Amino acid sequence: MDHFLYKNGVLHAEDVPVADIAAAVGTPFYVYSTATLLRHFRLFDEALDGMDHLVCYAMKAASNQAILKTLGDAGAGMDVVSGGEYRRARAAGIPGDRIVFSGVGKTADEIRTALEGGIRQFNVESEPEMEVLSAVATSMGKVAPITIRVNPDVDAKTHAKIATGKSENKFGIPIARARAVYAHAASLPGLDVIGIDVHIGSQLTDLAPFEAAYQKVADLTEQLRADGHNIRRLDLGGGLGIPYERTNAAPPLPTDYGAMVKRTLGHLDCEIEIEPGRLIAGNAGLMVSKVIYVKSGEGRDFLILDGAMNDLIRPAMYDAYHDIIPLNEPAPGTEQQPYDIVGPVCESGDTFAKQRMMPPLAADDLVAFRSAGAYGAVMSSEYNSRPLIPEVLVKGDQFAVIRRRPSFEEMINRDTIPEWV
Ligand SMILES: *Cc1c(COP(=O)(O)O)cnc(C)c1O
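Computed from a prediction, not measured in an experiment: that's the story for all the values here. (Residues numbered from 1 in each chain as written. Predicted model: local features only at pLDDT ≥ 70, side-chain atom pairs only at ≥ 80, totals over all residues. Heavy atoms only, no water.)

Participant: Account for empty space enclosed by the protein, with residues named and values stated.
Facilitator: Across all of its chains, the model carries 1 cavity of 30 Å³ or more by this definition. For the largest cavity, the full set of lining residues is Phe 44, Phe 210, Gly 237, Gly 238, Gly 239, Leu 240, Tyr 257, Ile 274, Glu 275 and Pro 276. Taken together, the residues of the lining of the largest cavity sort by class into 6 nonpolar, 3 polar and 1 charged. (1 Å grid on protein atoms, 1.4 Å probe; cavity = no way out; pocket = protein on both sides within 12 Å on 5 of 7 lines; lining within 4 Å. Points joined across faces, edges and corners; volume = space filled by probe spheres on them. Nonpolar A, V, L, I, M, F, W, Y, C, P; charged D, E, K, R; others polar.)

What follows is the structure, encoded as structure tokens:
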């Protein structure tokens, strides 16, 4: 559920007509709903009621400072995957003891930054990383709390580019080797081994792969405890999917997920962390774009938008589906027609949808891409020298630009021409 609804035939973001934002900031742009962000965070938080837990928002999904502060003020922790994200989280006021550091290639510099600034735990992904982390911590006179990310070899049944829990993926250590790796970790002076981490992929639409992975984590917890490790925290990753296509069966809700977590892991008396990204931010954001031209091709009509693959790469990169809706609600009974919906970038991959049924549209009409809040703005680029598009946050009847559109000069002047050119 989100807070982007038609009221009197006009698409609103909470209480603000989206067209008013377009008039103020120009198109294309991203707009996020505060109420939707908070609603999704609270759904997860409440789903784990009764267990000692922390919801750590996977901020790589949407990492604008205003979004981080909104969620942080509501009590969320953050899951970060780079030194840059760590700094963003701290700059948004998130205390170090609510920040979890994930990622397969943390550098010594990134580790030092997090140890200096304060960290809840590192989710370690390999033995070489473990040794570097111990050495850096020891050199600073510190002990780093860690979980080790295990790869449970479970098929998440999602797009290959976002599946992470099969043995062929680069993530974590094979669960079959876990006991040896935990023994190694326990022998290193700079580490405090506190738990287990698992994250099997993104946009999962079924609880079964999660449950299979968590069952393996439950078994491993008992084995590691028998080996003498004080396992007291389980980080269960993120990955719960959202309904991009409204006609499909809806994925499980956070409540169903929480009940499954209690069923599989509740008896272990561990503190639980989860790292949802997409489910918190995905349906909390739209990308709004304008029709530049309607072009008739051979046997098909193209809607050429001012937004492109550099602004929202998910269709080109993951074959992702986004609902695309007009800002003015079509009158009941309006005949729909098929369009190929494309951007102006010079690649055929710059196609958002093929033969999509839409009400008739004309140049200057505005459309909104639904479910664009996660992995949207954060994955945008300036390809074709198209400046990054602005982000806007709505709360009730107020809206504010939370990242402005850079000028062409700003974009160009980041380059320097050496004097010998
Ligand atoms: C990407 C990622 C997440 C978030 O995944 P979503 O599908 O957005 O919920 C959580 N944890 C880790 C380690 C990740 O890499």
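The rest of the description comes next.
Participant: Tell me about unusual backbone geometry, residues and numbers included.
Facilitator: For the peptide bond that leads from Thr 27 to Pro 28, omega is -10°, which places it in the cis range. Residue position: Pro 28 is located in the loop between helix H1 (18-25) and strand S4 (29-33). (Helix = DSSP H or I, 4+ residues; strand = E, 2+ residues; numbered from the N terminus.)

Participant: How would you summarise the site of the ligand if you had to cite specific residues and measurements?
Facilitator: If you check the shell around the ligand, you find 14 residues, and the closest are Lys 60, Ser 202, Glu 275, Arg 278 and Tyr 375. In this structure, an oxygen atom belonging to the ligand sits 2.3 Å away from a side-chain N or O atom of Ser 202. For the ligand, an oxygen atom lies 2.8 Å from a polar atom in the backbone of Gly 239. Taking 380 Å² as the accessible area of the ligand by itself, protein coverage stands at 93%. Cavity membership is defined here by more than half of the atoms lying within 2 Å of grid points; on that basis the ligand lies in the largest pocket. Looking at the shell around the ligand residue by residue, the class counts come to 3 nonpolar, 6 polar and 5 charged. (Near = heavy atom within 4 Å. Polar contact = N/O pair within 3.5 Å; in protein donor to acceptor, adjacent residues only side chain to side chain. Areas by Shrake-Rupley, 256 points an atom, 1.4 Å probe, with all protein chains shown as cover. Sits in = over half its atoms within 2 Å of the grid points.)

Participant: Account for the nonpolar core, naming residues and giving values.
Facilitator: One finds Tyr 57, Leu 71, Phe 122, Tyr 214, Leu 234, Leu 236 and Tyr 257 to be the most contacted residues of the largest nonpolar core, which totals 99 residues. Mapped onto the domain boundaries, this core takes at least three residues apiece from domain 1 (4-31 + 282-412) and domain 2 (34-280). Other than its neighbours up to four places away in sequence, Leu 71 contacts Leu 37, Leu 38, Phe 41, Tyr 57, Ala 76, Met 78 and Ile 280. Ranked by size, the runner-up nonpolar core spans 18 residues in total, among them Val 16, Val 31, Ile 325 and Val 392. (Core = buried A, V, L, I, M, F, W, Y, C linked by side-chain atoms within 4.5 Å. Buried < 20%, exposed > 50% of the residue type's maximum accessible area, 1.4 Å probe, protein only. Domains from an automatic or database assignment. Contact = heavy atoms within 4.5 Å.)

Participant: Talk me through the sheet that holds strand S1 (residues 4-7); I want residue IDs and the actual numbers.
Facilitator: Spatially, the 3 strands line up as an open sheet ordered S1-S2-S3, and their pairing is antiparallel. The open sheet has two edge strands, S1 and strand S3 (16-17), and neither has a second partner. By the bridge criterion, 2 bridges tie strand S2 (residues 10-13) to S3 in an arrangement that is antiparallel. Directly across from Ala 13, in S3, lies its bridge partner Val 16. (Pairing = 2+ DSSP bridges.)

Participant: Talk me through the packing of aromatic side chains; I want residue IDs and the actual numbers.
Facilitator: All told, the structure shown has 7 aromatic pairs when counted by the stated rule. An angle of 10° between the planes, with centres 6.4 Å apart, marks the rings of Tyr 30 and Tyr 32 as stacked. We classify Tyr 30 as buried; its relative accessible area is 0%. Clustering of aromatic rings is evident, with ring pairs tying together Phe 44, Phe 210, Tyr 214 and Tyr 257. (Phe/Tyr/Trp six-rings, centres within 6.5 Å; stacked < 30°, edge-to-face > 60°.)

Participant: Let's hear about the domain arrangement of the protein: which residues, and what values?
Facilitator: When the parts of a complex come together, some accessible area is lost, and that lost area is often taken as the interface size. Each assigned domain of the protein is listed with its residue range as follows: domain 1 (4-31 + 282-412) and domain 2 (34-280). Computed from C-alpha atoms alone, the centre-to-centre distance between domain 1 and domain 2 is 32 Å. Taken together, the contact between domain 1 and domain 2 spans 24 residues of the former and 24 residues of the latter. Interface area, domain 1 with domain 2, both sides summed: about 2100 Å², of which 53% is carbon and sulfur. Scanning the region where domain 1 abuts domain 2 turns up 0 salt bridges. (Buried area = accessible area lost by both parts, 1.4 Å probe. Salt bridge = Lys/Arg side-chain N within 4 Å of Asp/Glu carboxyl O.)

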